[in-house]
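A closer look at the structure
Take a look at the letters that make up each chain.
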Amino acid sequence: MPPSRSFLKSRSTPRRGDRLEHFLESQENPDRGQLTLQRLLTKRTKGYLIVGVLAESGTSCNFAPTSSMKSCSFTARWNEALLDENYQKWQRSPRSVSPDWAAFFEGFELGTTRVEKNGAPAALSDVDEQRVLQTKVDLVIHTYRTLGHSVAKLDPLLSEPLPQQDRADFALESFGLRASDLEKEVSSHLFRASKKFQLRELILVLERIYCASIGTEFMHIQDARQRNWISARLELEQEKEETAVTSYLYSSILRTLYRAEAFEHFLHTNYVGHKRFSLEGAESLLVSLQALMGACEGYNIQQAVLGMTHRGRLNILANLLHKPLETIFDEFSHNVLPQTVENSGDVKYHLGYRTTWKSQAGHEVQIHLVANPSHLEAVGPVVQGKTRALQHALGNSQDKKRVLAVLIHGDAAFAAQGVVAEMFNLSQLPGYQVEGTIHVIVNNQIGFTTLPSDARSSRCCTDVAKMVEAPVFHVNGDDPLAVHAITKTALEFRQNFGKDVVVDIVCFRRHGHNEADEPTFTQPGLYKRIKSHPLLSDILLKKAEELGIVEGRKATTWKVKETERLEAAFAQSKTRADHSHSEKSGIDGSAAMTIAQSSYSHKPVQTAIGSDMLDKIMQVLTAVPEDFHVLPKVRRMLLERRQQIWQAKGPYDWGIAEALAFGSLLLEKIPVRLSGQDSQRGTFSHRHSVLHDEVTCERYIPLNHLSPYQARFCVYNSPLSEYAVLGFDYGFSLECPSMLCLWEAQFGDFANGAQIVIDQFISSSEAKWRRQSSIVMLLPHGYEGQGPEHSSSRLERFLQLCAEENMQICNPSTPAQYFHALRRQVHGRYCKPLIITTPKSLLRHERSVSKARDFTSSHFFEILSDPPGTRQPEKVRRIVFCSGKVYYDLLQYRAAHQLEESVVLVRVEQLYPLHEEELIRVFQRYPSATRVVWCQEESSNMGAWAFIRPQLQRLLGCEIFYAGRPASASPATGFNFVHKQQQVALVKAAFGGQDP
């Protein structure tokens, strides 16, 4: 060992062998401002190898910009004392420092090997030779950990080994090693506690760990603790597997495979031509899920929320969730499920289910399989939202990991659908994280008919998961033992680190996309190999027989029993008197009300609050703690203004009305969750639900300081995502029907990005799956000359989706109406989604305000008209129906032209369900009216016109005239002066100036 020396001093004289600084200065992207010490640096030049693993968690090396980088020694900004201290420790004993530091210093020593005057390398001492070899050995270990997955034996359809050129990174010469080195005894503090191996043996062990049936991607993770945990776990588990083979495990997995295979064969035989999206070729999925549920006991996991597409869904229902086989067979008949809305229902491979899974030791896990549409990944955020709600119900943050989210994906959808990336982005955010999701990919290596080469630009379908540094475990589906082991490792990682993890089961699809599809049309070569590929159970049985673990006769008995079980259930289903039962107890609807209890009613709901409650809320809304430094502007425009309004008993604006609605529910012990883009402040600075200390930047939420006994108010600024966030909040609402759960778009048209969730879940889940939600969507809407993108919430789309009382569509025109609509959503006896077109300019409109009594002695009015007795009915000649903001333009025009006696304005505050009786009553008050008009701001092919016209004509028995913008391809003009001209014209037309 050479004498101790200062690390920095040792670098004072540049040498040709000193490659590390040169490496840093010659990077392709030197503009980065910071290089973390966890980054691995590797360089091979002229026979010299430098490996520096820059570690020590939390330490970083800052660089000057590009212009000055080459004049700045890269060590100059390091902590010199820390470097010298660790360097001297390492020289005395390499094991006295962390493995990453040791690897770095080894690389440094190699890079500073002395050279002859003529530039040729000097003869190395024995110590130097050992260090050179040690560095090469460490590089071998690092390469297998980093790239082993790229050459692992993952594809069950490929029996030939990879060509040598594909394994070039693992050739001996790529490490600077020779064949003679294979017999040398080596060890490394990086691997199995410096256990000694022959180099040949070490490489074989690394091959078995990283290049066999499991290929792991984890070196992209920056957290050294997580990387080290994974490498230690993989290497430990492989070592255990080498020394112990469990007869029980083989038997258990074999029986699982027999159940999966027998089920698919039975359906294929008895229901010829029926779509079932079989699991054949991917039976290891069932092994993975069985392992997952079995491992839950060790972590006291009590609930699991499961989302999956149609591939293999029936098999999972039958063999994991134990849905009665008789029921599944019934669903293949032509009978429909009763108790659905107008018997709409859904196909059998979309249905949800709920059951309790019990281990042999008696541990129970309640599994919720969430119903889903064919929009593949759409169910993912719903599952995560539902998981978050179940975790919320546990109360204690320490218990959150007792609820597990599991998502099963197809490889093509996982790589291609953007909502997957949105879900990963949500995974660690405060309002949306669920302590990690287990993602299991059924990697059929094909989409419908599209091969990976045409379906993605990335090497692996899982690469999107790297955006959050999730570990990825690829595993050969033909090795169910490996699938079983790696699934348990994935769960252990989730429980330890609270992060997402991916298990990619590489398998195949024995049939086409569905059983009626002919896959050889597009992949004849692939399906020729699949046709000759043996059953997975036969592969495992052959291995078990070779090991002497399972007898073939015993296995045959298991297989026969599975077939007999299926045949008995099939016979039982045929003898049932009632084939249309629905297994109501198993439907995934634990928290939702039944349809009979949730039918919509127009009966007014008592939503008024007492004056004392209003005062209590206003007192909190107008004050902050003494030591809280609120911004002066916020104090003036918010606190002081609210104080003045409160003292004057109004008029109250929209922002205060909303806070009163939230606060009153909280005092009634009803929690409120608001999630959306910039929802804490509000896009239009009307909410300010979270105040910020200008000195400490601490946050203060007034509504969480109403009472020691109140419920909690949670408000989250979401990422700039609609699809995943709305799906998440919808899923959350499923488990919390008595909670006010709101999603807010920054502008109403942003709901376009979440249209799949709206179409497939919010508007139709009750009809398809008997799943009811009370989610509230807040969509800013109104024509104020802001152009096409920020005017319309596309009200027409929501109205087009309305039927069978599936949703409530409200366009309130006053703060009090908004207040009562929110409170009615919780206190009403029905559970329906509520879509509210919220205002923009009306937030501060001088006439769009409410008095204190509107909150303390009123309720929500679905129809608002001029009060009876305010005019003589026989003088009324025109009735103008409208909804929302345009009412105030009409009101102003009527007053300016003194038309109060002859024109009545009727506001339809709730467009659906339409209060038909009240509309008729209002109309019948004015028998002398000769003209009925519908006025709207939107174009005639948008807004409510197409929906409301036939309704009014049917109810009122007269022609309905239109006043509004003409049909348009774009929601609104982009020119403000044109907008104003159009607005004047449509208002004038409503009063007869330009009747069509």
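Description of the structure in this document.

Procedures and definitions
- Residues numbered from 1 in each chain as written.
- Predicted model: local features only at pLDDT ≥ 70, side-chain atom pairs only at ≥ 80, totals over all residues.
- Heavy atoms only, no water.
- Helix = DSSP H or I, 4+ residues; strand = E, 2+ residues; numbered from the N terminus.
- Buried < 20%, exposed > 50% of the residue type's maximum accessible area, 1.4 Å probe, protein only.
- Contact = heavy atoms within 4.5 Å.
- Areas by Shrake-Rupley, 256 points an atom, 1.4 Å probe, with all protein chains shown as cover.
- Polar contact = N/O pair within 3.5 Å; in protein donor to acceptor, adjacent residues only side chain to side chain.
- Axes fitted to C-alpha atoms, helices over the stretch in contact; angles between N-to-C directions.
- Parallel < 35°, antiparallel > 145°, perpendicular 65-115°, else oblique.
- Left-handed = near helix turned anticlockwise from the far one by under 90°.
- Core = buried A, V, L, I, M, F, W, Y, C linked by side-chain atoms within 4.5 Å.
- Pairing = 2+ DSSP bridges.
- Salt bridge = Lys/Arg side-chain N within 4 Å of Asp/Glu carboxyl O.

1. A short note on the overall build of the protein chain
Along its length, the protein chain carries 32 helices and 28 strands. By residue count, 58% of the 996 residues in the protein chain fall in the buried class. At a minimum sequence separation of 6, the contacts of the protein chain that also span at least 24 residues come to 79%. Of the roughly 41,600 Å² of accessible surface on the protein chain, a fraction of 50% belongs to carbon and sulfur atoms.

2. So, the environment of Ser707
Note that Ser707 resides in the loop between strand E17 (699-700) and strand E18 (713-717). Ser707 gets classed as buried once you look at its relative accessible area, which sits at 18%. Each C-alpha atom, one on Ser707 and one on Val620, is 9.8 Å from the other, the two residues being 87 residues apart in sequence. Sequence-distant contacts of Ser707, defined by excluding residues within four places in its chain, comprise Lys616 and Leu667. There is a polar contact of 3.1 Å between the side chain of Ser707 and the backbone nitrogen of Tyr709.

3. Some thoughts on the packing of helix H8 (residues 247-270) against helix H18 (residues 536-546)
Where H8 meets H18, the axes come as close as 9 Å, and the angle between the chain directions of the two elements is 160°. Put simply, H8 runs roughly antiparallel to H18. The handedness of the crossing between H8 and H18 is left-handed. Contact residues: H8 offers Tyr250, Ile253, Leu254, Leu257, Tyr258 and Glu261, while H18 offers Leu536, Ser537, Leu540, Leu541, Lys543 and Ala544.

4. Side note on the nonpolar core
By size, the foremost hydrophobic cluster in this structure holds 147 residues, and its most contacted members are Phe881, Leu890 and Trp934. Looking at which element gives the most residues to this core, the answer is helix H22 (residues 654-667), with ten residues. If near-sequence neighbours (up to four positions away) are discounted, Phe881 is found in contact with Val906, Val908, Leu919, Val932, Val933, Trp934, Cys935, Leu952 and Leu956. Of all hydrophobic cores here, the second largest spans 87 residues; its members include Cys211, Leu325, Phe329 and Ala482.

5. Considering the sheet that holds strand E13 (residues 472-476)
The mixed open sheet is built from eight strands, whose spatial order is E7-E13-E14-E12-E11-E8-E10-E9. A single partner strand is all that each edge strand has here, and the edge strands are strand E7 (214-217) and strand E9 (353-358). Strand after strand, the sheet turns through a mean of 20° between neighbouring axes, direction not considered. Direction of pairing for E7 relative to E13: antiparallel, over a ladder of four bridges. Directly across from Ile214, in E13, lies its bridge partner Val475.

6. Regarding the pattern of salt bridges
Counting across every chain of the model gives 32 salt bridges. The partner of Glu492 in a salt bridge is Arg233, and the shortest N-O contact between them spans 3.0 Å. One end of the pair, Glu492, is in helix H16 (residues 480-497); the other, Arg233, is in helix H7 (residues 224-243), with 259 residues separating them in the sequence. Taken as a pair, Glu492 and Arg233 share a single burial class, namely buried. With a shortest N-O distance of 3.4 Å, Lys358 and Glu364 are connected by a salt bridge.

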